[in-house]
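Overview (structure and organization)
Listed here are the chains, written in short residue letters.
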Amino acid sequence: MTNPKPPPSPEPLTPTSEDAAPPSVLVFNASDPTGAGGVTGDVLSIASVGGHALPVVTGAYVRDTTRIFDFFALEEEAVTEQARAILEDAPVQVIKVGFAGSPENVSAIAELASDYSEVPLIAWMPDLSWWEEGQIDTYQDAVRELLLPQTTVLVGNHSTLWRWLLPDWTSDKSPSARDIAKAAAEMGVSYVLVTGIVLPDQFIENVLATPQTVMGSEKFERFDASFAGAGDTLAAALAALIGAGSDLSEATSEALSYLDRCLDAGFRPGMGAVVPDRLFWAQPEDDDAEDDESAAAPDLYEMPFNETKH
């Protein structure tokens, strides 16, 4: 299949080098001082798969690698002005929305997105269990009513999307990705990418689905670690790959493979969760390989997932 909402042809730009400019992804997300997720994770993930992030900050977490203590949202005017300034200057191929921080910011982002309805929008719904219940409900209601009608692909963990979109689910069997896609489609979402579906024998499945069909699935062995930032990494990589022109199924498969390798190379910067290494491909192989190839300078910066060059 092809990208459901093909990006418009950008206005001609004056290149800064002989290479074409990488696809630009307009990102809405919060500042995360751990570097696990938020705009930091988005920028690294998008750059790693060959894109260029245009990050708009929605607020700031107060957190460490163990837990989130608080969150300070920016006023919606600040979010709008950041986005309008860059949108009037640079064409974007895709929009990625992470944590908007408040219902008011969700409304502002939805209004901006409506002005660029031809641009695909990738929305990530994070786990908000650290927030108060009333805040969670108000925020998710705003996303459901204002942002989902403009969302091309909704990305989220199976349990998060289940609790949000199917709160009255009564079957003994957990909802499938198609069940979640049906609920999302009622709000206008074209596709869902449901992650973390628990399978036997320590495996998880990630499924791209519509209400009518499963378009693709990838199964991975579950890591024995607690990660922070995995969802932002996946959604950002998916957005960049779509912006580069990959069709949705191909972009999903590549983004999931990229995430798996980021997690496999993950590291623990503090005393809490493991952080994905979005630049795993830039690390030296090992000491033996370095010794064997000491006569030649290794190319540590080869882009692994697409042919966009910087």
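Here, the structure is the one placed above.
Residues numbered from 1 in each chain as written. Predicted model: local features only at pLDDT ≥ 70, side-chain atom pairs only at ≥ 80, totals over all residues. Heavy atoms only, no water.

1. Things to note about the pairing of strand β7 (residues 191-199)
Here five bridges tie strand β6 (residues 153-157) to β7, and the two strands are oriented parallel to one another. Of the residues in β7, the one forming a bridge with Leu154 is Val192. In the sheet, β7 pairs with strand β8 (residues 203-209) via six bridges, with the strands oriented antiparallel. Across the sheet, Ile197 pairs through a bridge with Glu205, a residue of β8. Connecting β7 to the next strand, β8, in antiparallel fashion are three residues, including Asp201 with a positive phi near 60°. (Pairing = 2+ DSSP bridges. Helix = DSSP H or I, 4+ residues; strand = E, 2+ residues; numbered from the N terminus.)

2. Some words on the packing of helix α3 (residues 103-114) against helix α4 (residues 133-147)
Each pair of packed helices gets described by two things: the angle between the helix axes and the distance between those axes. Contact pair α3 / α4: the axes reach a minimum separation of 9 Å and the direction vectors enclose 15°. It follows from the interaxial angle that α3 and α4 lie roughly parallel. For the pair α3 and α4, the sense of crossing is right-handed. Within the contact between the two elements, α3 uses Pro103, Val106, Ser107, Ile109 and Ala110 and α4 uses Thr138, Tyr139, Ala142, Val143, Leu146 and Leu147. By residue class, the composition of the contact of α3 with α4 is nine nonpolar, two polar and no charged. (Axes fitted to C-alpha atoms, helices over the stretch in contact; angles between N-to-C directions. Parallel < 35°, antiparallel > 145°, perpendicular 65-115°, else oblique. Left-handed = near helix turned anticlockwise from the far one by under 90°. Contact = heavy atoms within 4.5 Å. Nonpolar A, V, L, I, M, F, W, Y, C, P; charged D, E, K, R; others polar.)

3. Regarding empty space enclosed by the protein
Under the definition given, this model contains one cavity of 30 Å³ or more. Looking at the largest cavity, its volume works out to about 60 Å³. In terms of lining residues, the largest cavity is bounded by 13 residues, among which Gly98, Trp124, Met125, Val143 and Leu147 are the most central. Of all elements in the fold, only β5 (121-125) and α4 reach the threshold of two or more residues within the lining of the largest cavity. Considering only residue class, the lining of the largest cavity consists of 12 nonpolar, one polar and no charged. (1 Å grid on protein atoms, 1.4 Å probe; cavity = no way out; pocket = protein on both sides within 12 Å on 5 of 7 lines; lining within 4 Å. Points joined across faces, edges and corners; volume = space filled by probe spheres on them.)

By themselves these figures say nothing about function.
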